[in-house]
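# Examining the three-dimensional arrangement
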Amino acid sequence: IIGHHLYVDDGNSGDYSLAFSGKDYPAIVTYTVTGLTTGLPYRFYIVSENFVGLSEQASDVSTHYACEAPSD
C-alpha cells in the first residue's frame, strides 16, 4: 500500500469529496478534518492505493457527528 484516501460528505447526506490524499504517505493513518459544522452527521470512507492503482472496493461508510468539547 502506498497510501489511503479519505472521503467525507457535506454533513447533509450529500456528495462525497476528497478530504485527504495520502498517496506516498502510507504511514499516515489518522487525519483531522476541519471546517465541519457542529451537530451534523458526517459520513466517511477510505480507499487504499497500491502501485497498480486504487482499490476496487472502498471501506464501509462510518458516520460521526461533529461535536464541541464539553464545557464546565
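First things first, this report covers the structure right here in the doc. (Residues numbered from 1 in each chain as written. Predicted model: local features only at pLDDT ≥ 70, side-chain atom pairs only at ≥ 80, totals over all residues. Heavy atoms only, no water.)

## Some points on the pairing of strand S3 (residues 41-50)
So the rule is basically this: Pairing between strands is defined by DSSP: at least two bridges between them are needed. Helix and strand assignments come from DSSP, with helices taken as H or I runs of at least 4 residues and strands as E runs of at least 2, each series counted from the N terminus.
Sheet topology note: the strand S1 (residues 3-8)/S3 ladder contains six bridges and is antiparallel. From the neighbouring strand, Leu6 faces S3, where its bridge partner is Ile46. Pairing analysis gives four bridges linking S3 to strand S5 (residues 62-65), with the strands arranged antiparallel. Bridge pairing in S5 links Tyr42 to His64.

## Here's the deal with the packing of aromatic side chains
What counts is decided by this rule: Paired rings are identified among Phe, Tyr and Trp, the last through its six-membered ring, by centres lying within 6.5 Å, and are further divided according to the angle between planes into stacked (under 30 degrees), edge-to-face (over 60) and tilted (the rest). Buried means the residue's accessible area, taken with a 1.4 Å probe over protein chains only, is under 20% of the maximum for its type, while exposed means over 50%, and partly exposed covers the values in between.
Applying the stated rule across the entire model yields three aromatic pairs. For the pair Tyr7 and Tyr45, a centre-to-centre distance of 4.9 Å together with 10° between the ring planes defines the contact as stacked. Taken together, the residues span a long stretch of sequence, with Tyr7 in strand S1 and Tyr45 in strand S3 at a distance of 38 residues. Here the aromatic rings of Phe20 and Tyr31 are separated by 4.6 Å at their centres, their planes lie at 25°, and the arrangement is stacked. One end of the pair, Phe20, is in strand S2 (residues 17-21); the other, Tyr31, is in the loop between S2 and S3, and 11 residues separate them in sequence. Residue class for Tyr31 comes out partly exposed when judged on its relative accessible area of 42%. Three or more aromatic residues joined by ring pairs make a cluster, and in this case those are Tyr7, Tyr16 and Tyr45.

It is worth stressing that arrangement in space is one thing and function is another; only the former is reported here.
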